[in-house]
Amino acid sequence: MKKVHGEVFSSATQRVLACLYEKELDFEFVPVGMRTGAHKKQPFLSLNPFGLVPAFEDGDMTLFDKGTQLIYDGKKMAIASVWMDVEAHQFDPAASKLGGTADAAAVQEKEAKLVQVLDIYEVRLAQFKYLGGDDFTLVDLHHLPRLQRLMGSQMKKLVDSRPHVSAWCADILARPAWLKVLAMQANN
């Protein structure tokens, strides 16, 4: 049985859960008490010596056997890799800091960066349904936690003011796999 050890409010854990739901895989969720520091102690450290959630257990590590195809070969994967890099180094650093600080100057700086990224996304999404092309991929999945948070904040205006970004956001946030992750949060 596959096991995900994590915290349902962790964006990293949310990405893994969404991926498993997209792949229609059965798994057991094992909550890790991050508030109590359980992720920095044994037995969790035997699963992830860096003390970061999530940790994943699976005897044969077969992740891509059914459900939504999230990775591809060749040119399609090269394009997806570029956009995953953009998410990790441009979108996520800006989006993750918004709403988490009272420092007005820091908020303005991150908002300005996010505006730049969303303008680029708007151009891309005017050409394709998803950032990686015409199919939902890991690129889009990686955006789910931060987009969910943005859509519940005053930064929603930045998404809503861009019709293609807004449509993409509505599409991916309504995916059944993501709704299952949100249901897990609601139950904790």
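Anyway, here's the lowdown on the structure attached to this text. Just so we're clear, the structure is a prediction, and the values are computed from it rather than from any experiment. (Residues numbered from 1 in each chain as written. Predicted model: local features only at pLDDT ≥ 70, side-chain atom pairs only at ≥ 80, totals over all residues. Heavy atoms only, no water.)

**Side note on the environment of alanine 177**
- Topologically, alanine 177 is positioned in helix H8 (residues 176–186).
- For alanine 177, a relative accessible area of 6% translates into the label buried.
- Sequence separation between alanine 177 and serine 46 is 131 residues, and the spatial gap between their C-alpha atoms is 29 Å. (Helix = DSSP H or I, 4+ residues; strand = E, 2+ residues; numbered from the N terminus. Buried < 20%, exposed > 50% of the residue type's maximum accessible area, 1.4 Å probe, protein only.)

**So, the pairing of strand E1 (residues 2–6)**
- Within E1, 4 of the 5 residues are buried, leaving the element largely enclosed by the surrounding structure.
- Pairing analysis gives 5 bridges linking E1 to strand E2 (residues 27–31), with the strands arranged parallel. Bridge assignment links valine 4 to a residue of E2, and that residue is phenylalanine 29.
- The handedness of the E1 to E2 crossover, carried by helix H1 (residues 11–22), is right-handed.
- In terms of strand pairing, E1 meets strand E3 (residues 55–57) through 3 bridges, oriented antiparallel. Residue pairing across strands places histidine 5 opposite alanine 55, the latter belonging to E3. (Pairing = 2+ DSSP bridges. Right-handed = clockwise from strand over helix to strand, strands pointing away.)

**A word on the pattern of salt bridges**
- Applying the stated criterion across every chain yields a total of 10 salt bridges.
- One salt bridge in this structure joins arginine 15 and glutamate 87, with 3.4 Å as the shortest N-O distance. Here the residue arginine 15 occupies a position in helix H1, and glutamate 87 occupies one in helix H3 (residues 74–97), the gap between them amounting to 72 residues. Per residue, the accessibility class of arginine 15 equals that of glutamate 87, and both read buried.
- With a closest N to O distance of 2.9 Å, aspartate 119 and arginine 162 form a salt bridge. Of the two residues, aspartate 119 sits in helix H4 (residues 104–127) while arginine 162 sits in the loop between helix H6 (156–160) and helix H7 (163–173), which places them 43 residues apart along the sequence.
- It is possible to trace a salt-bridge network through shared partners that takes in Arg15, Glu87, Asp92 and Arg146. (Salt bridge = Lys/Arg side-chain N within 4 Å of Asp/Glu carboxyl O.)

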